[in-house]
Amino acid sequence: MSLPTPDHGTALRRGSLGVAAIVFFVLSAQSPLTGIAGALPIAITLGNGPAAPATFLLVGVVMALFAVGYITMSRNVTDGGAFYTYIGRGLGTTTGTASAFVALFAYCTVQAAMYGLYGVTVSGLLAAYAGISVPWWACGLVTMVLVMAWAWLNIEIGARALACLVGLEMGILLVFAVITFARGGGPQGLDFGATFGPSAIASGAPGVAFTFAVASMFGFESTALYAPEARDPRRTIPRATYLAVAVVAVFFAFVAWMVVSFYGAGSVVDAAGQAVGAGEASGLVAGAIQATLGGWAAHAVGIILATSLLAGVLAFHNAINRYLHSLAENAVLPRRLAWTNRHGSPYLAGVASTVVAAALVLPFAARGMDPVLTLFSWFGGVSVVGLLVLYVLTSVSVLAWFRRDRRGESTWHTRYSPALAAVLILAGIVLLIVNFGTLTGGSGATAAVLLASVAAVFVLGLVVAVVHRRRATAAVALAS
């Protein structure tokens, strides 16, 4: 394949995405079935027990506070790049560039983590239904190529595909939840107080549950990445962001509550502990769905879990591509990464992100490490740390930028909401760091290295930004 000429286009396909398409990209990144089946049992076991579902709502409130300042910025800055652009406007381009590297790191690591769980899931399905033994990493590598080709063709095709995949997983979860609610829960009833009461929420280790809830909502902020491709971005991006936060928080909380109610608030901790201890955390939710909907549901859950993860990696692949495209357009990264094909897709960025995904996954395969206990848990944890750091920087940036010029925006949008969000998210970071060893399941040294990697990537971004600024200054001097 011949490379494009230097005057190759870099424009994304404008006006191609509406509110629904962007919301589906967000929901896909959050992989509802993965969050419920994978994260909820661990949050119940290690966190605050039957009150874990309430944590989804609390995190939803915090994310909504953050979103107020975030989308206020999006109304005034519609360039691609999201964190990179917003933090750069408020705290300077050097800090903005460093934050872009952290965002790339967070998205790349969470995508690699999902490939680990995806590979295991698909490998198990092939063994169960086709009698074929395929290594988990082979399933992951093949899918990386397919995802790259999918994103290469057309973002609208990806949006339609994600709508179907997300619809399947949300549909089966919602049917189970509605039936369980209509039946009044399990033997112990719905017991609203045991899940949503203040004392219940504060019991156990709420910090662990908070972290898993944040991980389950990972990606809602990616709405702003699609601003250059959105129809009327000043309206589309805010609507998509608010809708994504509301849908995810309420949906996750309701379905999780029904899982707790199915087993009973007094029994769900033991049931979750048994599932997690057996290495089959998803069995907690799968068992409840099968008992409620019938034997066919057991087969459906396994297949839909695979499609849920597929939707997630496709969504993150698209988000990574747009970060690379934005950085390349601003000459921070090689210009070729901004090149787009006839579909308006940043295809060379897609190639680069696929290579990075393979580079992150293959070392775990080469060393024979458990993809769920290491790849999924380690990279899942470190990606949440990076994301929360970006939330704090963005909130501070909103305060700084609108302090210079409020542009007619209200004080709530430009001052109080972002300040409150920054404080609450900082508290969440402290909780996460305190519980990081438990969350990742690794040694203290492993946890320290993973946490330090976020700081190292930020420093690398600062160095790249300084070098880029000096080159730009030198180029201007030569031109004059």
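Since the model is a prediction, treat every value here as computed from it, not as a measurement. (Residues numbered from 1 in each chain as written. Predicted model: local features only at pLDDT ≥ 70, side-chain atom pairs only at ≥ 80, totals over all residues. Heavy atoms only, no water.)

Student: Would you mind going over the side chain of T72 in detail, with residue names and values included?
Tutor: Turning to its location among the elements, T72 is positioned in helix α3 (residues 52-76). Polar contacts involving the side chain of T72 include one to the main-chain carbonyl oxygen of V68, which spans 2.6 Å. Each residue touching T72, except ones within four places of it in the same chain, is listed here: A67, F402, E409, H413 and T414. (Helix = DSSP H or I, 4+ residues; strand = E, 2+ residues; numbered from the N terminus. Polar contact = N/O pair within 3.5 Å; in protein donor to acceptor, adjacent residues only side chain to side chain. Contact = heavy atoms within 4.5 Å.)

Student: Can you break down the packing of helix α2 (residues 32-46) against helix α12 (residues 268-277) residue by residue, with the values?
Tutor: Contact geometry of α2 with α12 gives a least axis separation of 8 Å together with a crossing angle of 120°. Taken together, the axes of α2 and α12 lie oblique to each other. Considering how the two elements wind past one another, α2 and α12 form a crossing that is left-handed. Of the residues in α12, those in contact with P41, I42, I44 and T45 of α2 are V268, V269, A272, G273 and V276. (Axes fitted to C-alpha atoms, helices over the stretch in contact; angles between N-to-C directions. Parallel < 35°, antiparallel > 145°, perpendicular 65-115°, else oblique. Left-handed = near helix turned anticlockwise from the far one by under 90°.)

Student: Give me the lowdown on a nonpolar patch on the surface, citing residues and values where you can.
Tutor: A grouping of V459, V463 and V467 is seen on the molecular surface, where their side chains present a nonpolar patch of about 230 Å² in accessible area. Along the polypeptide, V459 turns up in helix α19 (residues 444-479). Its relative accessible area of 47% is what places V459 among the partly exposed residues. (Patch = residues over 30% accessible without salt bridge, like charges linked within 9 Å, V, L, I, M, F, W, Y side chains within 5 Å. Areas by Shrake-Rupley, 256 points an atom, 1.4 Å probe, with all protein chains shown as cover. Salt bridge = Lys/Arg side-chain N within 4 Å of Asp/Glu carboxyl O. Buried < 20%, exposed > 50% of the residue type's maximum accessible area, 1.4 Å probe, protein only.)

Student: Give a detailed account of the packing of helix α6 (residues 136-153) against helix α15 (residues 347-366), specifying residues and quantitative values.
Tutor: Two elements in contact, α6 and α15, have axes separated by 10 Å at closest approach and are oriented at 170°. One way to sum up the angle between α6 and α15 is to call them roughly antiparallel. Residues W136, W137, L141, M144, M148 and W152 of α6 touch α15, and the partners they reach there are Y347, G350, V351, T354, A357, A358, V361, L362, F364 and A365. Considered class by class, the residues forming the contact of α6 with α15 number 14 nonpolar, 2 polar and no charged. (Nonpolar A, V, L, I, M, F, W, Y, C, P; charged D, E, K, R; others polar.)

Student: Go over helix α5 (residues 93-129) with me, naming the residues and quoting the values.
Tutor: If you check α5, its first and last C-alpha atoms are 52 Å apart, about what 37 residues at 1.5 Å a residue would give, namely 54 Å. Along α5, 29 of the 37 residues are buried, which leaves the element largely enclosed by surrounding structure. Within two residues after α5, G131 carries a phi angle of roughly 65°, on the positive side. (Expected span 1.5 Å × (residues − 1).)

Student: Kindly report on the packing of aromatic side chains, identifying the contributing residues and their values.
Tutor: Inspection of every chain in the model, using the stated rule, returns 17 aromatic pairs. Where F196 meets W257, the ring centres are 5.3 Å apart and the plane angle is 85°; that geometry is what we call edge-to-face. Here the residue F196 occupies a position in helix α8 (residues 192-196), and W257 occupies one in helix α11 (residues 233-263), the gap between them amounting to 61 residues. Through pairs of rings, three or more aromatic residues link up here, namely F181, F192, F196, F254 and W257. (Phe/Tyr/Trp six-rings, centres within 6.5 Å; stacked < 30°, edge-to-face > 60°.)

Student: Which residues make up the side chain of N321, and what values go with them?
Tutor: The topology assignment puts N321 in helix α14 (residues 296-329). Not counting residues within four places of it along the chain, the set of residues in contact with N321 comprises A151, P346, A349, G350 and S353.

Student: An account of helix α13 (residues 283-293) is requested, with residue identities and associated values reported.
Tutor: Within α13, the full set of buried residues consists of L284, V285, A286, A288, I289, T292 and L293. Remark: G294 follows α13 within two positions and exhibits a positive phi of approximately 115°.

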